[in-house]
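Take a look at the letters that make up each chain.
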Amino acid sequence: EQLVTQQPERVATENEGRETLKQLDADLELLSKPDVLAFEIQTAWGTHILEYHCNDTCRDIAKQFCRERRLDDRLSGDLADRMEEKLKQPLALAQPKRPHGPKPKVVDLGDKNAVKRRVRALQKKLREMERLKNLPDSELDTLQREKLANEGEVRRTCESLERELNLLERLPRMVFDVETDTGLRFIEFRDGDSCLELSRVFCSQHALDDELIGPLAEHMKEKL
């Protein structure tokens, strides 16, 4: 009877031990890849993990990520910029109880409210810059001159986030698959978009013949 009673306890202990070993194996595998960083990407469709290798370029893997998940191609540039910014930041060194791989860095492309707040802050900065530009140069102090010197960067960042916010607020109504010489590409149609303009931009981005603009736009209209 004692053996029968102890048997379930031993099984439970063995299962727990197997799970612990399995987790340790996974941790060791991560430790064996010091040249790999994991980015946690938040989108409107959920959380995704993007691996960055030391020989990769942020631009290429951002484009690939957007293509694979059928995200708008225009997001790839913003995603690459954010990844490059994160790579410049030092990794926080934790003191874990046991070895583990690097904690994913977060690049949030799905927090619409956060993007809105950032856009409003940048728009406020731009309004302040416009006010400063109307003042005589002799009345500007050093800090104000530095603000004006950064106008171009602030404006580009604001425009980029405004485009991102627009995409977040208008989820695609339909995604068109387009086969090209360089592989399968996607066109996202949102309410208010023009099929002709989407077709023109797509052909320009992928160096396609202008003669394809009209037929592609008509095909999109038929599918809608």
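Higher on the page you've got the structure.
Everything quoted here is computed from the prediction, not taken from an experiment. (Residues numbered from 1 in each chain as written. Predicted model: local features only at pLDDT ≥ 70, side-chain atom pairs only at ≥ 80, totals over all residues. Heavy atoms only, no water.)

Asker: Give a description of the nonpolar core that names residues and reports values.
Answerer: Phe-39, Ile-41, Leu-50, Tyr-52, Phe-65, Leu-79 and Met-83 are the most contacted members of the largest nonpolar core, which has 16 residues in total. Among the secondary structure elements, those contributing two or more residues to this core are strand E1 (36-43), strand E2 (46-53), helix H2 (58-68) and helix H3 (74-88). Looking at which element gives the most residues to this core, the answer is H2, with five residues. One finds Val-178, Phe-189, Leu-198 and Leu-216 within the second-largest nonpolar core, a separate group that totals twelve residues. (Core = buried A, V, L, I, M, F, W, Y, C linked by side-chain atoms within 4.5 Å. Buried < 20%, exposed > 50% of the residue type's maximum accessible area, 1.4 Å probe, protein only. Helix = DSSP H or I, 4+ residues; strand = E, 2+ residues; numbered from the N terminus.)

Asker: If you had to explain the side chain of Ser-199 to someone new, which residues and values would you point to?
Answerer: Mapping Ser-199 onto the fold places it in helix H7 (residues 195-205). Its relative accessible area of 0% is what places Ser-199 among the buried residues. Residues in contact with Ser-199, not counting those within four places in the same chain, are Leu-212, Ile-213, Leu-216 and Ala-217. (Contact = heavy atoms within 4.5 Å.)

Asker: With reference to specific residues and values, describe the pattern of salt bridges.
Answerer: This structure, assessed with the given rule, holds twelve salt bridges. Of the charged contacts, one joins Glu-130 and Lys-133 as a salt bridge, the two residues approaching to 3.3 Å between their closest N and O atoms. One end of the pair is Glu-130 and the other is Lys-133, both in helix H4 (residues 112-133) and three residues apart, which spans about a single turn. Where Glu-151 meets Arg-155, a salt bridge forms, and the shortest distance between an N and an O atom there is 2.8 Å. One end of the pair is Glu-151 and the other is Arg-155, both in helix H6 (residues 151-169) and four residues apart, which spans about a single turn. With relative accessibility at 14%, the residue Glu-151 sits in the buried group. (Salt bridge = Lys/Arg side-chain N within 4 Å of Asp/Glu carboxyl O.)

Asker: Describe the packing of H3 against H6, naming the residues involved and giving the relevant values.
Answerer: Packing of H3 against H6 leaves a shortest axis separation of 10 Å and a crossing angle of 125°. Compared by their axis directions, H3 and H6 come out oblique. Relative to H6, H3 is oriented so that their crossing is left-handed. Each of Arg-74, Leu-75, Asp-78 and Arg-82 in H3 lies in contact with H6, whose residues at this interface are Ser-160, Leu-161, Arg-163, Glu-164 and Leu-167. Its residues assigned to classes, the contact of H3 with H6 comprises three nonpolar, one polar and five charged. (Axes fitted to C-alpha atoms, helices over the stretch in contact; angles between N-to-C directions. Parallel < 35°, antiparallel > 145°, perpendicular 65-115°, else oblique. Left-handed = near helix turned anticlockwise from the far one by under 90°. Nonpolar A, V, L, I, M, F, W, Y, C, P; charged D, E, K, R; others polar.)

Asker: Describe unusual backbone geometry, with residues and values.
Answerer: The backbone of Ala-207 shows a phi angle near 55°, a positive value even though the residue is not glycine. Mapping Ala-207 onto the fold places it in the loop between H7 and helix H8 (213-223).

Asker: If you had to explain the packing of H4 against helix H5 (residues 142-149) to someone new, which residues and values would you point to?
Answerer: Contact geometry of H4 with H5 gives a least axis separation of 10 Å together with a crossing angle of 115°. For the element pair H4 and H5, the recorded crossing hand is left-handed. Touching Met-129, Leu-132 and Lys-133 of H4 are Gln-144, Lys-147 and Leu-148, all from H5. Taken together, the residues that form the contact of H4 with H5 break down as three nonpolar, one polar and two charged.

Asker: Kindly report on the environment of Ile-49, identifying the contributing residues and their values.
Answerer: Along the polypeptide, Ile-49 turns up in strand E2. Given the relative accessible area of 48%, Ile-49 is considered partly exposed. Residues Ile-49 and Leu-37, twelve residues apart in the sequence, show an inter-C-alpha distance of 10.0 Å. Leaving out residues up to four positions away in the same chain, Ile-49 has contacts with Ala-38, Phe-39 and Glu-40.

Asker: I'd love a proper account of the pairing of strand E4 (residues 174-180), names of residues and values included.
Answerer: As paired elements, E4 and strand E5 (residues 183-189) share seven bridges and run antiparallel to each other. Note that in E5 the partner of Val-175 across the bridge is Glu-188. Between the antiparallel neighbours E4 and E5 lie two residues. (Pairing = 2+ DSSP bridges.)

Asker: Describe H4, with residues and values.
Answerer: Relative to the 32 Å expected for 22 residues at 1.5 Å per residue, H4 spans 31 Å between its end C-alpha atoms, a close match to the ideal helical length. For H4, the complete set of buried residues consists of Val-115, Val-119, Leu-122, Leu-126, Met-129 and Leu-132. All buried residues of H4 lie within an arc of 135° about the axis, which places them on one face of the element. Exposed residues lying more than 90 degrees from the buried face of H4 are Arg-120, Lys-124 and Arg-127. In this fold, the buried residues of H4 make contact with H5 and H6. (Expected span 1.5 Å × (residues − 1). Arc of directions from axis to C-beta.)

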